[in-house]
Amino acid sequence: MRYPDPFLAANGFAAAQRHPLAADASLRTYTRLLGGPRPALLMDAPPPEDVRPFAALARHFLAAGLSLPEIIAEDAESGFLLIEDFGDATHAALLDAGTDPVPLYTEAATALAALHAAPVPPGLPAWDAAAMARATAATFLDWWWPAAFGRAPSDGVRDALDAALGAMLAPFAGAQGFVHRDYFPANLMRLEAREGARRTGILDFQDGALGHPAYDLISLVEDARRDVEASTRRAAVAAYLAARPGLDRGSFLGAMAACGAQRHLRVAALWVRLDRRDGKPHYLQHGPRCWGLLQRSLSQPACAPLREFLDAHVPDGMRRNPAPG
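Residues numbered from 1 in each chain as written. Predicted model: local features only at pLDDT ≥ 70, side-chain atom pairs only at ≥ 80, totals over all residues. Heavy atoms only, no water.

Draft legend 1. Focus on the nonpolar core. With 90 residues, the main nonpolar core has Phe 140, Trp 144, Leu 217, Leu 220 and Leu 306 as its most contacted residues. Looking at this core element by element, the count peaks at 15 residues for helix α9 (residues 249–276). Sequence-distant contacts of Trp 144, defined by excluding residues within four places in its chain, comprise Thr 139, Phe 149, Ala 269, Val 272, Trp 291, Val 314, Met 318, Arg 320 and Pro 322. Within the second largest apolar cluster, 10 residues are counted, among which are Phe 7, Phe 13, Leu 42 and Ala 73. (Core = buried A, V, L, I, M, F, W, Y, C linked by side-chain atoms within 4.5 Å. Buried < 20%, exposed > 50% of the residue type's maximum accessible area, 1.4 Å probe, protein only. Helix = DSSP H or I, 4+ residues; strand = E, 2+ residues; numbered from the N terminus. Contact = heavy atoms within 4.5 Å.)

Draft legend 2. The arrangement of the pairing of strand β3 (residues 40–44) in detail. Counting buried positions along β3 yields five of five residues, so the element is predominantly enclosed. Every second residue of β3 is oriented toward a common face, with Ala 40, Leu 42 and Asp 44 on one face and Leu 41 and Met 43 on the other, all of them buried. As judged from the five bridges shared by strand β2 (residues 29–34) and β3, these two strands associate in the antiparallel manner. Each residue of the ladder has a partner; that of Leu 33, found in β3, is Ala 40. Count of turn residues in the β2/β3 antiparallel hairpin: five residues, of which Gly 35 carries a positive phi of about 90°. Both β3 and strand β5 (residues 80–84) contribute to a ladder of five bridges, which runs antiparallel. By the bridge assignment, Asp 44 is partnered in β5 with Phe 80. (Pairing = 2+ DSSP bridges.)

Draft legend 3. Representation of unusual backbone geometry in the model. The omega torsion of the bond from Pro 47 to Pro 48 falls at 10°, within 30 degrees of zero and hence cis. Locating Pro 48 in the fold gives a position in the loop between β3 and α2 (52–63). Despite not being glycine, Arg 181 shows a phi value in the positive range, around 85°. Mapped onto the elements of the fold, Arg 181 is located in the loop between β7 (177–179) and β8 (188–190). Although it is not a glycine, Asp 204 sits at a positive phi angle of roughly 55°. Tracing the sequence through the fold places Asp 204 in the loop between β9 (200–202) and β10 (209–211). Relative accessible area serves as the criterion here: at 13%, Asp 204 is assigned to the buried category.

Draft legend 4. Fine view of the packing of aromatic side chains. Across all of its chains, the model carries 12 aromatic pairs by this definition. Seen from their ring centres, Trp 271 and Tyr 283 are 5.4 Å apart, and the 5° between their planes marks the pair as stacked. In this pair, Trp 271 is assigned in helix α9 and Tyr 283 in the loop between α9 and α10 (287–298), connecting sequence segments 12 residues apart. The same class applies to Trp 271 and to Tyr 283, which are both buried. Feature note: the residues Phe 140, Trp 144, Trp 145, Phe 149 and Trp 291 constitute an aromatic cluster, connected by ring pairs. Above the face of the Trp 127 ring, Arg 181 is positioned so that its terminal group lies 3.8 Å from the ring centre. (Phe/Tyr/Trp six-rings, centres within 6.5 Å; stacked < 30°, edge-to-face > 60°. Lys NZ or Arg CZ within 6 Å of the ring centre and 35° of its normal.)

Draft legend 5. Structural context of the pattern of salt bridges. Under the criterion given, the structure shown has 22 salt bridges. Between Arg 289 and Asp 227 there is a salt bridge, with the nearest N and O atoms lying 2.8 Å from each other. Of this pair, Arg 289 sits in helix α10 while Asp 227 sits in the loop between α7 (214–221) and α8 (230–243), and the two are 62 residues apart along the sequence. Judged by relative accessible area, Arg 289 falls into the partly exposed class, the value being 22%. Among the salt bridges present, the one from Asp 278 reaches Arg 277, with a minimum N-O distance of 2.9 Å. Put simply, Glu 107, Arg 190, Glu 192 and Arg 199 are held in one network by salt bridges that share partners. (Salt bridge = Lys/Arg side-chain N within 4 Å of Asp/Glu carboxyl O.)

Draft legend 6. Expanded view of the sheet that holds β7. Sheet architecture is open: three strands sit in the order β6-β10-β7, paired in mixed fashion. Looking along the sheet, the strands with just one partner apiece sit at the ends: β6 (126–127) and β7. Looking at chain direction, β7 and β10 are connected through three bridges and run antiparallel. Along β10, the bridge assignment pairs Val 179 with Ala 209.

In structure tokens:
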């Protein structure tokens, strides 16, 4: 059992009322603390989770003028953090309540451009073609493939997927910078009292890495968990590119397509792993969306290597959630 009481007491929150927040797909949990010295959240990250990347990245980008949660107190060995509480106005909640999506997505894109333009933190892990291929294999080949075909993939299939992803992503390997890796509305907050890029609070960034910034923009505008209208996608992409005028537009859009194809395939299969390994079948509802987004990505010239792999090994009729196990 986790026991944060000494940590809370040492930082003045012993008497604070505790209100657990809804959990996501990770092991981390968050508890809202009311009645302490200031509004705060307790992050509880049991092993194998590690609070140090979160704390280090928060401090780095706070110093760059962005809105990430302030670290109030840290016990890295025990896996506890006290962090600034941004409230409840996630972009996801606002969208669900009927807020006009275009301003939210353009605000998010503007904040993302500032995040990508900030100095790159030291010591980031790689989110390059090799890492992206490994991550894809870990869901698509290790979980989706056996569920769909009733057997493990051959070594030849593994090699072919690795080669296809490498060929698709290689043309964009030269553009390297910080990538959040989960930049979408559930991890973004509207902070009404702030302006410009700081109006968007950024959460859940602890898996940030060194990769192509197009990965984050495609994660935002081709969300695995909600439909995004074409007009909203266009507005967000335009806002991002306007904030970063030095980018080569054609190359960046090609990178968005390639990164999107990799992400959609990986995440479509991730829902299967969450169902079969972790007992979380509700994530399967997002499968049809991810497969649909993948099909759209595959129509782009930049995605030809992955399209050819799938055409050779996965018939169109199988590009969906497998039958329940």
